[in-house]
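Close look at the chain arrangement
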Amino acid sequence: MTPAIDAHVRLDTHPTHPSAVQAVLTGTQARVASMALEAAGWSAAATGVLVLARIDHEEPYWAADAAQHLIAEGITVEITPRLQEAIDEEWTWPNYPMPRCTRSEIREVSNQAQKIHDDIRNGHLLIHAHAHDGHTTVAVGTYLHRGGKSIYLHGEDHLRQVADTFDSPAEALVAFEKVHAAEMRPGPAPLTDTERAAIAARSVFDVTTAKSEPSRPEPEAVPVYLADAGDHDALLDSFLDAHGEFEKWRTWSDETTHAIHESQTLRIEHVHETPAHETAWTVAAYETPVSDRMWHLTATGATPAPVLQNLLNHLADGDGWDTVIGVPVGERTVTTATQPLTEAGWKHTLTGHGIRWTSPDGQAGVRFDPLTAQALPNPATWTIWAGPDPDRPTWAITASPHTPSSLLADLSEALAHETGTRQPQSGREHKPRLAASASAAPAVTTSRPVRRSR
């Protein structure tokens, strides 16, 4: 006999979404039930509350299936009468395009579409491009796991299917572009109404409680490398609003936003709500839309907003994206990139890692590692940081060997001369300390036409 688990799950219809289901968990071992539901595709919406919101409107059926599995594990499950009514309801899709399918077969087709949707939403399936073929949305993407299989997708919501597979992302992109060149757009298609409704259903329980807070002291002026990170999301939104040549798209989990230049040779990726020391921004430039990247740059979540603003402004100017690859990074490049630091009196030293420039107050630096500049694949040859040292930074920017020297010079100029603001931390006295002034898109290999399903 299965031992009882001290967990109670109450399944009910969602308060706002017509087909979604909510689960309220109680008991000392409620976490056991929560883990089982999350593994089955449920999303945590609040403490002790999970939501099942699908794009095939089959939530009641799958809620009943989840209930059976929970009961088999020794967990107490309660199904409200209104949810039971929805479970027992017999319904069919109007004008379903596969009329010969039984109800069970229709549900299986929809569940496969749901799995594709979840793989995209959870970041397992990267969509390279999409288009409209005159009837529905088509897309091409690559699984980041499963051996990196690339697929061609046809349809939307519960009708999306895998219509073809490819041996590589390059083969998939070339075949897709051959058929849909005129309508082809980077990244996934805009969310459908059904997808937006599912997202809303999962977030309806995200209630914040307003609390009165003591008044905060006025921010202080500091060197730009000591400034607060600010609102990175608002910074990107403002950049996109001001620069229509960049097209915005988001992953289906809403965790990442991409901004792709109309030439499709420059890509900016921003991961939302990233911890301070983890990579929040990635910039990559390509010679052509389907070539290997020429250079890339990353920035962590605590990077000050003024530094990121300087970076985005340089990218918007469109000057200096191209760079000479395949040749060593020479002394002229290094000198150009760091001249503003030298002129501002930053200390110049040789270390075991290469060359380091340190700010007069010792709280920021730039490092060039000549050994990594010759290595393949291109690692972090340039490191810009604030904090005790580059191995324990408060924030850091890393750049590959062939990152344009003009971009690095702009960042150096900002570090040497610009200021920002920082909110004083409670219990500590801060005095302004101003510095002295003085992926990858794959390479094309072959092509073949896209084969579509019915």
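Residues numbered from 1 in each chain as written. Predicted model: local features only at pLDDT ≥ 70, side-chain atom pairs only at ≥ 80, totals over all residues. Heavy atoms only, no water.

**As for the overall build of the protein**
Within the protein, the regular secondary structure consists of 10 helices and 22 strands. Across the 454 residues of the protein, 49% fall into the buried class. Element-wise, carbon and sulfur atoms account for 51% of the exposed surface of the protein, whose accessible area totals about 22900 Å². (Helix = DSSP H or I, 4+ residues; strand = E, 2+ residues; numbered from the N terminus. Buried < 20%, exposed > 50% of the residue type's maximum accessible area, 1.4 Å probe, protein only. Areas by Shrake-Rupley, 256 points an atom, 1.4 Å probe, with all protein chains shown as cover.)

**Describing the sheet that holds strand β1 (residues 8-13)**
Strand order in the open sheet formed by 5 strands is β3-β4-β2-β1-β5, and the pairing between neighbours is mixed. Two strands in the sheet have a free side with no partner beyond their single neighbour: β3 (43-46) and β5 (76-79). Direction aside, the axes of adjacent strands within the sheet are offset by 30° on average. Seen against the sheet, helix α3 (residues 81-88) touches β1, β2 (21-26) and β5 and runs at an angle of roughly 65° to β1. (Pairing = 2+ DSSP bridges. Axes fitted to C-alpha atoms, helices over the stretch in contact; angles between N-to-C directions. Contact = heavy atoms within 4.5 Å.)

**Description of the packing of aromatic side chains**
Counting across every chain of the model gives 6 aromatic pairs. Between W91 and W93 the ring centres are 5.3 Å apart and the planes differ by 65°, which places this aromatic pair in the edge-to-face class. You can call W93 buried: its relative accessible area is 16%. With 6.0 Å between their ring centres and 55° between their planes, Y152 and F176 make a pair best called tilted. Separated by 24 residues along the polypeptide, Y152 in strand β8 (residues 150-154) and F176 in helix α5 (residues 169-180) bring together distant segments of the chain. The pair formed by Y152 and F176 is uniform in burial state, with each residue classed as buried. Sitting over the ring of W91, R103 keeps its end group 4.6 Å from the ring centre. (Phe/Tyr/Trp six-rings, centres within 6.5 Å; stacked < 30°, edge-to-face > 60°. Lys NZ or Arg CZ within 6 Å of the ring centre and 35° of its normal.)

**Looking at helix α10 (residues 405-417)**
Every α-helix carries 3.6 residues per turn, so stepping three or four residues along brings you back to the same face. In this model, α10 (13 residues) spans 18 Å end to end at C-alpha, consistent with the 18 Å of a helix rising 1.5 Å per residue. Inspection of α10 places L407, L408, A409, L411, S412, A414, L415 and A416 among the buried residues, and these make up the whole buried set. For α10, the secondary structure elements touched by its buried residues are β16 (293-300), α8 (305-317), α9 (331-343), β19 (364-368), β20 (382-386) and β21 (395-399). (Expected span 1.5 Å × (residues − 1).)

**Side note on the sheet that holds strand β9 (residues 161-166)**
Taken in spatial order, the 5 strands make up an open sheet running β9-β8-β7-β6-β10, and their pairing is antiparallel. The sheet is open, and its two borders are formed by β9 and β10 (185-186), each paired with just one other strand. Inspection of the sheet shows strand β6 (residues 125-132) paired to strand β7 (residues 137-143) by 7 bridges, in the antiparallel sense. Note that in β7 the partner of L126 across the bridge is T142. Seen against the sheet, α5 touches β6, β7, β8 and β9 and runs at an angle of roughly 170° to β7.

**Overview of the pattern of salt bridges**
Under the counting rule described, the total for this entry stands at 13 salt bridges. Between D12 and R82 there is a salt bridge, with the nearest N and O atoms lying 2.7 Å from each other. Of the two residues, D12 is situated in strand β1 and R82 in helix α3; the sequence distance between them amounts to 70 residues. Judged by relative accessible area, which is 4%, D12 ranks as buried. For R54, the salt bridge goes to D56, with nearest N and O atoms at 2.8 Å. Of the two residues examined, R54 and D56, each falls in the buried class. Residues joined in a network through salt bridges with shared partners are R10, D12, E78 and R82. (Salt bridge = Lys/Arg side-chain N within 4 Å of Asp/Glu carboxyl O.)

**A few points about the side chain of T192**
Mapped onto the elements of the fold, T192 is located in the loop between β10 and α6 (193-203). The residues contacting T192, other than those within four sequence positions of it, are E156 and D157.

**Notes on unusual backbone geometry**
Glycine aside, negative phi is the norm for most residues, and most peptide bonds take the trans geometry. In this structure, H57 takes a positive phi of about 60° despite not being glycine. On the secondary structure map, H57 appears in the loop between β4 (49-52) and α2 (59-72). A positive phi angle, close to 55°, is found at N95, a residue other than glycine. Mapped onto the elements, N95 comes out in the loop between α3 and α4 (103-121).

**Describing a negative patch on the surface**
Taken together, D317, E343, D410, E413 and E418 make up a surface patch of like negative charges. Overall, E413 belongs to the partly exposed group, its relative accessible area being 37%. (Patch = residues over 30% accessible without salt bridge, like charges linked within 9 Å, V, L, I, M, F, W, Y side chains within 5 Å. Lys, Arg positive; Asp, Glu negative; His and termini not counted. Charge placed at Lys NZ, Arg CZ, Asp CG, Glu CD.)

**Overview of the pairing of β1**
Both β1 and β5 contribute to a ladder of 4 bridges, which runs parallel. When the sheet's bridge partners are listed, V9 is paired in β5 with V77. Relative to β2, β1 runs antiparallel, the two being bridged by 6 bridges. Along β2, the bridge assignment pairs D12 with Q22.

**Structural notes on the packing of helix α7 (residues 232-242) against α8**
Between α7 and α8, whose axes approach to 11 Å, the crossing angle comes to 20°. Taken together, α7 and α8 sit at an angle that is classed as roughly parallel. Handedness of the crossing formed by α7 with α8: right-handed. Between α7 and α8, the contacting residues are H232, L235 and F239 on the first element and A305, L308, Q309, L312 and A316 on the second. Across the contact of α7 with α8, the residue classes tally to 6 nonpolar, 2 polar and no charged. (Parallel < 35°, antiparallel > 145°, perpendicular 65-115°, else oblique. Left-handed = near helix turned anticlockwise from the far one by under 90°. Nonpolar A, V, L, I, M, F, W, Y, C, P; charged D, E, K, R; others polar.)

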